[in-house]
Every structure is written in C-alpha cells, then in structure tokens.
Amino acid sequence: MQNAQLIGLSSQMALGRELEVIANNMANVTTTGFKARATRFQEYLMPKASAETFQPPDRKVSYVIDAATPLDLQQGPIEPTGNPLNAAIRGEAFFAVQTPQGERYTRNGAFEMNAQGQIVTSDGYAVLGDGGPIQIGQQETGLAIGPDGTVSTNQGTRGKLRLVTFADPQGLTNAGANLYSSNTPAQPAGPQGRIEPGALERSNVRPVLAMTRMLEVSRVYQLVSDTVSRLDSMRGQAIQRLADVGNA
C-alpha cells in the first residue's frame, strides 16, 4: 500500500510539472518569437529488494520522473508588419544580443532604436551584428534590413545582424525576457537562417491544443490525488484495526 502511495505521489509531481510547462506556454501565446516547451517523462525502476523468501517474489517498483522539457523549434506564423525595424527568422537560427549577464539569444525580432542610435530589443539589450552592436547615426534615414541581415541606411551599410545556431539547440536554457543562454558555443547560422524583413514571427504555441492538454492533465492529476487519498485512508484504518486487535 505504501508503495502504491509513493507511486501516486511521483505521478502527481510529474503531472504538476507538466501543468507548469503548459501554463507557461499559454501565458506566452502572444509573445513574439516564443518557442513552446513540452514535457518528457521516463520510468524509474527501484532496485529489487534483496530478500528472496517472500511469496510471491519481490518485484521492482516503477516510478515516474521528469526527464526533460524539450524546446519546440517548429516555425511560428510570420506576420508582415511593414516596420523596417522588425525582422523574422525562417529556419532554426537565433538573433544574438548583449546583456549584462553576457551574450544571449532570441527569436524576437521586434527591434527598436535607443537614444544612442543602437538597434536594441524591446527590453533594451543591444542586438549584435558581426562586428558588435549596430550603430545608426542620428541624421541617417531609410533604415532597412535585408534578407541576409544586412542593415543599411541612406549612408550605406551599417552592419549585418548576427544569426547563430547550435549543435544541440535542446541545450538552450530559458534566461528570462524571451532570451536563451547556452553552455555551448554559438555557430554562424549560414543557410540555416534567413531573415524576412518587415515581419515578426509569432509564438508557435497552439492554444487550442495546449488548453485541451491542460484539461486532460488536470483531470488525471485529480484522479491520482483521489486515489492517493483513498489509499492513505485505508492505511490509517488498517493501522487502527491492528491497534484495536493488539489492545483486545
């Protein structure tokens, strides 16, 4: 009975984690360039007990553990905006940006111009080109971003947006503000990334599917919770009966 309760509790922990992931996806349905995460679980078998004299023989106890939350790199819908500071990526590349914590990566191409003439993210982080932050003069006009990432004005080329990829994009870690960090070096994107100027990539979260999954997980969580509660009640009754027999 105790094993059954522990198995139920491990299932509740796994389901609770999945609910957190789904809720975060739902909260970012309208976040530009957001990539949803999924949940992956695996079976964990407790080592077999050493005693071999029980009938029936001991069996391994199977638990559920949270294995990973992989990133869904499926392309999000691309929406034209006509804004020359907007850029959407087609492919599995990322923009590189500079933050106080170091270099970070994003799919959010809703760029702005700060007071110093630098192209920055909506949170004020400098967008990196091949030679560092891209600087635009105060008097320059006609800013445009080309399909290859080249940034130009009426005064000529001012830089080229740096697009990067990773040998293992599943190793990317959420760093807040729709940014990712990586423990492995970024690589030039090459043909794996192409820019669509004057457009934004919307979130790839599919809200109807996410809501349906949330309802399913919530129902299963409640079912497991009810089962654990019943097992706990049965265990308490069994202990009470044993105590009554011992006192008789």
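Residues numbered from 1 in each chain as written. Predicted model: local features only at pLDDT ≥ 70, side-chain atom pairs only at ≥ 80, totals over all residues. Heavy atoms only, no water.

Structurally, the position occupied by glycine 146 is in the loop between strand 11 (144-145) and strand 12 (150-153). With 49 residues separating them along the chain, glycine 146 and isoleucine 195 place their C-alpha atoms 7.3 Å apart. (Helix = DSSP H or I, 4+ residues; strand = E, 2+ residues; numbered from the N terminus.)

A few words now on the nonpolar core. Membership of the largest hydrophobic core comes to 19 residues, with the highest contact counts inside it found for Phe95, Ile119, Val151 and Leu161. Once residues within four sequence positions are removed from consideration, leucine 161 is found in contact with Phe95, Phe111, Val127, Leu128, Gly129, Asp130, Ile134, Ile145, Gly149, Val151 and Ile195. The next biggest cluster of nonpolar side chains, apart from the first, holds ten residues, and it includes Leu71, Tyr105, Val164 and Leu172. (Core = buried A, V, L, I, M, F, W, Y, C linked by side-chain atoms within 4.5 Å. Buried < 20%, exposed > 50% of the residue type's maximum accessible area, 1.4 Å probe, protein only. Contact = heavy atoms within 4.5 Å.)

Taken as a whole and assessed by the stated rule, the structure comprises one cavity of 30 Å³ or more. The volume enclosed by the largest cavity comes to roughly 40 Å³. For the largest cavity, the full set of lining residues is Thr106, Asn108, Thr121, Ser122, Asp123, Tyr125, Ala177, Asn178 and Leu179. Considering only residue class, the lining of the largest cavity consists of three nonpolar, five polar and one charged. (1 Å grid on protein atoms, 1.4 Å probe; cavity = no way out; pocket = protein on both sides within 12 Å on 5 of 7 lines; lining within 4 Å. Points joined across faces, edges and corners; volume = space filled by probe spheres on them. Nonpolar A, V, L, I, M, F, W, Y, C, P; charged D, E, K, R; others polar.)

The next thing to look at is the packing of aromatic side chains. One pass over the structure, following the stated rule, counts four aromatic pairs. When the centroid spacing of 4.9 Å and the interplanar angle of 80° are considered together, the rings of tyrosine 105 and phenylalanine 166 count as edge-to-face. Here the residue tyrosine 105 occupies a position in strand 6 (residues 102-106), and phenylalanine 166 occupies one in the loop between strand 14 (163-165) and strand 15 (173-176), the gap between them amounting to 61 residues. The same class applies to tyrosine 105 as to phenylalanine 166, namely buried. Taken together, the aromatic side chains of Phe94, Tyr105, Phe166 and Tyr180 make up a single cluster linked through ring pairs. Taking the ring centre of phenylalanine 94 as reference, the NZ or CZ of arginine 107 above it sits at 6.0 Å. (Phe/Tyr/Trp six-rings, centres within 6.5 Å; stacked < 30°, edge-to-face > 60°. Lys NZ or Arg CZ within 6 Å of the ring centre and 35° of its normal.)

Here we take up the layout of surface pockets. Empty pockets left among the atoms are what a rolling probe the size of a water molecule brings to light. Quantified by volume, the largest pocket comes out at close to 370 Å³. Contributing to the lining of the largest pocket are 18 residues, with Asn25, Ala36, Arg37, Ala38 and Asp72 lying nearest its centre. Residue assignment for the lining of the largest pocket shows that the elements contributing at least two residues are helix 1 (2-27) and helix 2 (207-247). For the lining of the largest pocket, the element with the most residues is helix 1, which contributes four residues. A per-class count over the lining of the largest pocket returns nine nonpolar, three polar and six charged. Roughly 150 Å³ of internal volume is contained in the second largest pocket. In terms of lining residues, the second largest pocket is bounded by Asp130, Asp148, Gly149, Lys160, Leu161, Arg162, Leu163, Pro188, Ala189, Gly190 and Gly193. Split into classes, the residues belonging to the lining of the second largest pocket amount to four nonpolar, three polar and four charged.

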